[in-house]
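Residue-level listing of the chains:
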Amino acid sequence: MFEKNVNIPIINDFIPLASPDIRSEDIENVITVLQSGNLVQGKKVDQLEKAIAEYLHVDHCIAMNSGTSTLQLILLALGVGSGDEVIVPAFSYVATANVVENVGAKPIFVDIDVETFNINVQAVEESIGSRTKAIIPVHEFGLMVDTTPLMDLSEKHNLFVVEDAACALGAKDESQFAGTVGIAGSFSFHPRKAITSGEGGVVVTNEELLASKLRALRNHGIDSENTSRMDFIMAGYNCRMTDFQAAMLISQLNRSTEALKKRNHIASRYFEEIRNEKIQLPFIPKNKTPNWQTFHVMLREPLVQKEVIERLRKDGIGTNYGAQCIPEQSYYKNKYGYNCRIDFPNALRAYETGLALPIYEKLTDQEVTVIIENVNRL
Ligand SMILES: *Cc1c(COP(=O)(O)O)cnc(C)c1O
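Predicted, not measured: the structure shown is a model, and the values here were computed from it.

**Some points on the site of the ligand**
Phase 1 of the analysis: Residues in close proximity to the ligand total 15 residues, the closest being Gly67, Thr68, Asp164, Ser188 and Lys193.
Phase 2 of the analysis: Here an oxygen atom of the ligand and a backbone polar atom of Gly67 are 2.8 Å apart.
Phase 3 of the analysis: Between the ligand and Lys193 there is a distance of 2.7 Å, counted from an oxygen atom to a side-chain nitrogen or oxygen.
Phase 4 of the analysis: Look at the ligand: alone it shows 380 Å² of surface, and the protein chains cover 92% of it.
Phase 5 of the analysis: Here the shell around the ligand is built from residues that sort into five nonpolar, eight polar and two charged.

The following block contains the structure:
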């Protein structure tokens, strides 16, 4: 069976945009769970939740089947629904706004800051109205939003801050971890994120009641407090994580500081060695420690995003736009009639001229050199 493939050359000179670092210890942990027969949410999920809560210094961690599920169930648990408005950045992954639509509320898009790609906090205040119930700041590309003014606003207007920290595991603002500032923080374990289980996510919170509601919602509405008999206290969902996914995450979490060091090293090489006036490097405010989930540059004229992606692909390097201008997507554009060039110019510009470069643990120094050489030639 394998012999047939002998003459097919293995093409490994393509550098993908992202590639998860799954090691044999992760695989062995998964096999152990598979052999145990306990596949659904169980001891390994418990263990993962404890490990993440400890790492981020929070009281509660609730694992689920995706980052999107965690965001959606947080909104449901907080009672956000029909008639409510939720403020979201215009530049993010589309899931940030989809969850708002899917609980029956209306997303209110706010443009981003041109330097950090994060939601513009001043513009947030202007968008708060009588129906506003929550704000979902996104720590875009693993760089934390200015949470202090945002929390002040939320207190002043009595709003929930739900952090979409999907990309930001390990990122910090001063000494505060992403995901631990608002009433709840959401993380994703999609393969593009810092650690991965294929699909998966967690919520972290210090609110006991919220945590208990989320535990019920993710598991058909089960009363997780009552251990004496099985009882269902709400019409919940099945958003559980499997135990084998949790098992592969635990060992990756243990290596995450080491992995972050590696990404930091690559980022500093990009900063030092990319010398091209047509490439605008990212800006990192002083007190922030990004986790470098993405290294996002902006292309200056005459570079054209589509052409650059294609040219780098031909040179063996995978790149892509960094995130979407969500109100520019057909569903949102048709439903709400936005003109993004006027309504969200910064988000549209980032969507149309941004470029994510490869940055991940497995990238070798030699590959980084190849990427830098090609970027400098653009
Ligand atoms: C990846 C991502 C999500 C969605 O997470 P999934 O685990 O893929 O559902 C949500 N928001 C942002 C900002 C993301 O990057």
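**Things to note about the pairing of strand β6 (residues 160-164)**
Consecutive residues of a regular strand have side chains that alternate between opposite faces of the sheet.
Phase 1 of the analysis: Of all five residues that make up β6, four are buried, and the element is covered over most of its length.
Phase 2 of the analysis: Relative to β6, strand β5 (residues 132-135) is paired through two bridges, and the arrangement is parallel. If you follow Ala134 over to β6, its bridge partner there is Phe160.
Phase 3 of the analysis: Read as a crossover between parallel neighbours, the route from β5 over helix α6 (residues 147-157) to β6 is right-handed.

**Considering unusual backbone geometry**
Phase 1 of the analysis: In the segment running from Glu301 into Pro302, the intervening peptide bond is cis, with an omega of 10°.
Phase 2 of the analysis: Counting through the fold element by element, Pro302 comes out in the loop between β13 (295-299) and α10 (305-314).
Phase 3 of the analysis: Look at His220: it is not a glycine, yet its phi comes out positive at around 60°.
Phase 4 of the analysis: For His220, the position within the fold is in the loop between α7 (208-218) and α8 (243-254).

**What to know about the packing of aromatic side chains**
Phase 1 of the analysis: Under the definition given, this model contains 15 aromatic pairs.
Phase 2 of the analysis: Between Phe109 and Phe344 the ring centres are 6.2 Å apart and the planes differ by 75°, which places this aromatic pair in the edge-to-face class. Separated by 235 residues along the polypeptide, Phe109 in strand β4 (residues 106-110) and Phe344 in the loop between α12 (340-343) and α13 (345-353) bring together distant segments of the chain. With respect to class, Phe109 is no different from Phe344; both count as buried.
Phase 3 of the analysis: Through successive ring pairs, a cluster of aromatic residues spans Phe109, Tyr331, Tyr332, Tyr336, Tyr338 and Phe344.

**A word on the pattern of salt bridges**
Phase 1 of the analysis: On inspection of all chains with the given rule, the structure shows 17 salt bridges.
Phase 2 of the analysis: For Lys288, the salt bridge goes to Asp146, with nearest N and O atoms at 3.0 Å. Taken together, the residues Lys288 in strand β12 (residues 288-289) and Asp146 in the loop between β5 and α6 connect sequence positions 142 residues apart.
Phase 3 of the analysis: On the basis of relative accessible area, Lys288 is assigned to the buried category, the value being 7%.
Phase 4 of the analysis: A residue is classified by how much of its surface remains accessible, and Asp146, at 42% relative accessible area, is partly exposed.
Phase 5 of the analysis: Each of Asp21, Arg23 and Glu258 takes part in a single network of salt bridges with overlapping partners.

**Details of the nonpolar core**
Phase 1 of the analysis: Val86, Phe91, Val100, Phe109, Ile136 and Leu214 are the most contacted members of the largest nonpolar core, which has 45 residues in total.
Phase 2 of the analysis: Contributions of two or more residues to this core are made by β1 (60-64), α3 (67-77), β2 (85-89), α4 (95-102), α7 and α13.
Phase 3 of the analysis: The biggest single contributor to this core is α3, with five residues.
Phase 4 of the analysis: Leu56, Val58, Ala165 and Val202 belong to the second largest nonpolar core, which has 29 residues in total.

Here is what the cut-offs are and how they apply
Residues numbered from 1 in each chain as written. Predicted model: local features only at pLDDT ≥ 70, side-chain atom pairs only at ≥ 80, totals over all residues. Heavy atoms only, no water. Near = heavy atom within 4 Å. Polar contact = N/O pair within 3.5 Å; in protein donor to acceptor, adjacent residues only side chain to side chain. Areas by Shrake-Rupley, 256 points an atom, 1.4 Å probe, with all protein chains shown as cover. Nonpolar A, V, L, I, M, F, W, Y, C, P; charged D, E, K, R; others polar. Buried < 20%, exposed > 50% of the residue type's maximum accessible area, 1.4 Å probe, protein only. Helix = DSSP H or I, 4+ residues; strand = E, 2+ residues; numbered from the N terminus. Pairing = 2+ DSSP bridges. Right-handed = clockwise from strand over helix to strand, strands pointing away. Phe/Tyr/Trp six-rings, centres within 6.5 Å; stacked < 30°, edge-to-face > 60°. Salt bridge = Lys/Arg side-chain N within 4 Å of Asp/Glu carboxyl O. Core = buried A, V, L, I, M, F, W, Y, C linked by side-chain atoms within 4.5 Å.

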